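One-letter residues, chain by chain:
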Amino acid sequence: MTSLLGIALLALALSGPAGAFYPIRRGMSSHVSITRAVLLQKVTETCRTVAKAAGRKFNPTGSSPEELVRACLGPTATGEVSGAKFHSTLQEILVQNGLLDRDFANSAPHHFNSEAFLAGRGLITEGVVAIKANIHKENFQAARETLGRVLHTLQDFYSHSNWVELGNTGTDINLMRPDLPLDNLAGVDTATCSDCASGKCKSQILRKILNEKKLTSGYLSISSSTKPSGKCSHGGVADLTSVTQPRGGINKDERRSDNVAVHDAAVHEATAASLQLLEDIHLAAGDNNFLRMMGIARSSVVCFVIDTTGSMSIDISEARAVLYKIIDGKKGTQDEPSEYILVAFNDPKFGPMIRTSDPDEMKAEISKLKAGGGGDIAELCLSGLQLALTGAPSSSQIYVFTDAIAKDISLKDTIIALIRTTKSTVTYFTTTRPNRPIPDFHNYKDLALASGGLAIQVEKKKLAMATDIIQDTSTSALVTVLQRARNPGKDEIFRFMLDKSLKNITIYITGTSISFSLTNPAGVSQSHNEASGKLGTIKTAGNLMRVRLNADKQAGTWKINIMTNQPYTLKVTGQSIITFIYNFVESFGGPHPGYAVLRGRPQAGQPATLMLSVIGRRGPSSITVGDVNLVPVSGSASGATSTLTDMGNGDILVTVNVAPQGEFVVLLKGTDKVSNSEFQRQSTTQMSVSKVTIQAVVDSSVEPGKASKLPFSLMTQGSGGSFSINIRNDRSFPISYPKSLNLTTGQYSNATLTITPPADTPSGTDITLTIKAKSPSRVDSNYAVLRFSVFTKITDFIQPVCDVVSVLADHCPNDMSQCKPFTWELTAHLTDGNGTGIQSISLRQGTGNLTYFPLSNSIFQANYNASCCSQIVEFIAVDDVGNVGKCYHSIVHSGGPPALALSLPLWLCLLVSAFAIRL
């Protein structure tokens, strides 16, 4: 039965006087709102299942993502629970969903236009295969991006075809099964529509097509009015074929007076089909991995990148001690890391990346680290960091330990591009021997500052004094209140606002020869030389001063007066549920206009636009946003002001007329309605503008051993000339591309890169590709970061089959009040036939005990026994490519014959579920 919360979430997609499948449009049911609703419902159902299995209740206090995350993670663990990671995950999926209307506006298969049914289904089935393979490899971000695109294509089938006009009251499950036929497609020479001069006719589809149940869809082109004779058009201003007879259009994207019934039916079936697809992925992934893909996690990931050359023995010991302390001290709390990642680097090797959610496994891995080798001074530090940035989830905390300069400093631009794309924070711990500072330390400072992290330099024997910062920042609900940098330094007063929700507030200052005084809203002050004062405690290690405010801090405006002429950075952090996420975006036109996330830096000389979501304690309704500014990190300017537009669902479109020069961050101020307290939050990742534009689109996944071509384009609004191009991928796969392009101001130049994954690349491997372009003067540059997957083409789409061999339940009593002492048993055989083989078997319903063992290479025997009080069992089998089969059985009341054992293929189970949802 669908939960009340699930019904409410689905209603978000189906309600409203005017609906559309368009991208973000306020007040309209859209691809975005449909996708958001089904994702929230499926996460809600999964969280309820996980809570039930753990023996606890699942009671969200409301329907907001924040409240859903808190209920899912459980009320017993102490600490703050932030919904930011889940919000960001939703945005990643929704962004890719909306991008299909920009990047593939004229592609018939991506939208089921122009009767491209077989090709459209191919995109769905191949996409689902890639998603399952990515999840199996724990490449969750790649899985999310593909999921967004696949859901868009699936939803468009119901809006762009005549499926609902044919009287179908269910979804077309064959769209998920390439081994099943797509029946009764209209032939290429078959006329399908009558003329509609007004463009708004209740029924254009020919009666013969309806009577014969022929499936068709509208033709669409944004560049030509030509279409086959007698065929329907998609319709709309951007569709040039809609003025060619038969005129008009049959799309149901927008709810109008002439198409209310079919539009509502299309939204309904698109929603049900999306739930079916999500359930298939969910069953293949399992509860835990599905929730991990959806960003349901307590804390940010803890990622260590460690130099293992001969001089690093002390550093490795300290990193080991810190990690052990984190694991042991935070276990069972909301601050417990959701995942641990370890990357070692040396020279000439780095990696592999080790990732696990098992703390004991990470303990074992870090205990294996040994210092040795190296030779020369420089090491492959940035190669190890690149591996971490591409492998760790977005917004991760990454800690780098090294005592040497980077041999691979040529990767610096690539690292900055990855930092800006992932919004991860990098903190450097660089150790020295007395009076022997690391040369070129400024490179590490640049990278740390670009990410909102810190570059700490300390003597090896004092490293333990500096690692408290890892304890501080490897925590849930971490927010930044303020961060600034000065080079050269000067005497300056910084003001920042602390609100009532903030806890564990810490101030970090890095630099040398620095004095400061801190003053609270009541006028009480403490100077830098008071280790334990009225406002907090101060610790110093190397170039780091750490000020931890007392728990009885006052809400209001604080100030810190820093006095020095040396370079320094200042950062103020705390723990709070109140935060925000954002992306810089650009508008696009076409048949379905909307906003797309920029892959690189915003354009210089143009208004900067960003889409922003504020996370409060009870969803966006519990927060009032005041000002959103773009503020220079290193300058004294107050920042550029902006205009705010409410886009619905908690999304706010922010438009800044003029972005600041140099590096800037996003500063937000508002009011928390729960505590009636003003708050201030700042983004960590620095951004800047550019006159260079890079356009590149990932069309599909790539196959092992096959060369794949990716077109891209460059344009500059500055001076033309020969622009250098540098393209890297994190897998070191063979790649070829032009090293330069000649640009004329205001005109795009096209190029192509070719990448060839080795033939032995495992299916589900993801690739992160960074394209960098620099102007002839080397002053201006931009980047684009693309992610796509490698997977092997499969032909196995047959689900495992379940045959119930025996049921022993005759002795279960008629009187259910007497059922407790009695048990019943079931034996079943599960086979994958000629498929790829069964990978896993798991219990979905029932409180009994399930065991299984192989009878042969292709057959497993499953044994189930349970109390007669538990009368239903359902278990699933997943094969090696993610096909899911179900085995369901129910015993009837005592004394009667055993109930019919159902051996249902997944598509039929999902079809039954779809009808249940509608009822």
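Residues numbered from 1 in each chain as written. Predicted model: local features only at pLDDT ≥ 70, side-chain atom pairs only at ≥ 80, totals over all residues. Heavy atoms only, no water.

1. Section: the overall build of the protein
What counts here: Segments assigned H or I by DSSP are reported as helices when at least four residues long, segments assigned E as strands when at least two residues long, and all are numbered from the N terminus. Each radius of gyration is computed over the set of C-alpha atoms, and the globule rule expresses the reference value as 2.2 Å times the number of residues to the power 0.38. Burial status follows relative accessibility: with a 1.4 Å probe on protein chains alone, a residue under 20% of its type maximum counts as buried, one over 50% as exposed, and anything between as partly exposed. Methods summary: accessible areas were calculated by the Shrake-Rupley approach with a probe of 1.4 Å, and residue burial reflects only the protein chains presented.
Helix and strand counts for the protein come out as 17 helices and 38 strands. A compact globule built from 919 residues should have a C-alpha radius of gyration of about 29 Å, and the protein, at 29 Å, falls within 12% of that. Summarising its shape, the C-alpha atoms of the protein cover approximately 85 × 75 × 60 Å along the three principal directions. Out of the 919 residues belonging to the protein, those deemed buried represent 58%. Surface exposure of the protein reaches about 35400 Å², of which carbon and sulfur atoms provide 52%.

2. Quick look at unusual backbone geometry
With an omega dihedral of 25°, the bond running from Asp347 to Pro348 counts as a cis peptide bond. Here Pro348 shows up in the loop between strand S2 (340-345) and strand S3 (350-356). Backbone torsion omega between Gly351 and Pro352 reads 0°, so that peptide bond is classified as cis. Of note in the backbone geometry, Ser114 takes a positive phi value of approximately 55° without being a glycine. Take Ser114: it is sitting in the loop between helix H5 (108-111) and helix H6 (117-136). Among the residues examined, Ser114 registers a relative accessible area of 19% and is labelled buried. In this structure, Ala477 is a non-glycine residue whose phi angle is positive, near 60°. Its location among the elements puts Ala477 in the loop between helix H16 (468-473) and strand S7 (478-486).

3. Brief notes about the nonpolar core
Short version of the rule: Among buried residues, those of type Ala, Val, Leu, Ile, Met, Phe, Trp, Tyr and Cys that are joined through side-chain atoms within 4.5 Å constitute a nonpolar core. We call two residues in contact whenever any of their non-hydrogen atoms come within 4.5 Å of each other.
With 57 residues, the main nonpolar core has Val43, Phe86, Leu147, Tyr158, Leu277, Met294 and Ile296 as its most contacted residues. Every element with two or more residues in this core is listed here: helix H2 (31-53), helix H3 (65-73), helix H4 (84-103), H6, helix H7 (140-160), helix H8 (207-211), helix H9 (260-285) and helix H10 (287-293). Filtering out sequence-adjacent residues up to four positions away, Val43 remains in contact with Leu68, Phe86, Phe290, Leu291, Met294 and Ile296. Formed by 53 residues, the second largest nonpolar core is a distinct cluster that contains Val305, Phe441, Ala659 and Tyr783.

4. Thoughts on the sheet that holds strand S11 (residues 525-527)
Where we set the bar: Strand pairing requires that DSSP identify at least two bridges connecting the strands. Axis lines are fitted to C-alpha atoms, over the contacting stretch for helices. Their N-to-C directions set the angle, which ranges from 0 to 180 degrees.
Read across the open sheet, the 4 strands follow the order S8-S14-S10-S11; overall the sheet is antiparallel. Each edge of the open sheet is held by one strand with a lone partner, namely strand S8 (492-498) and S11. Across the sheet, the mean angle separating the axes of adjacent strands is 20° when strand polarity is ignored.

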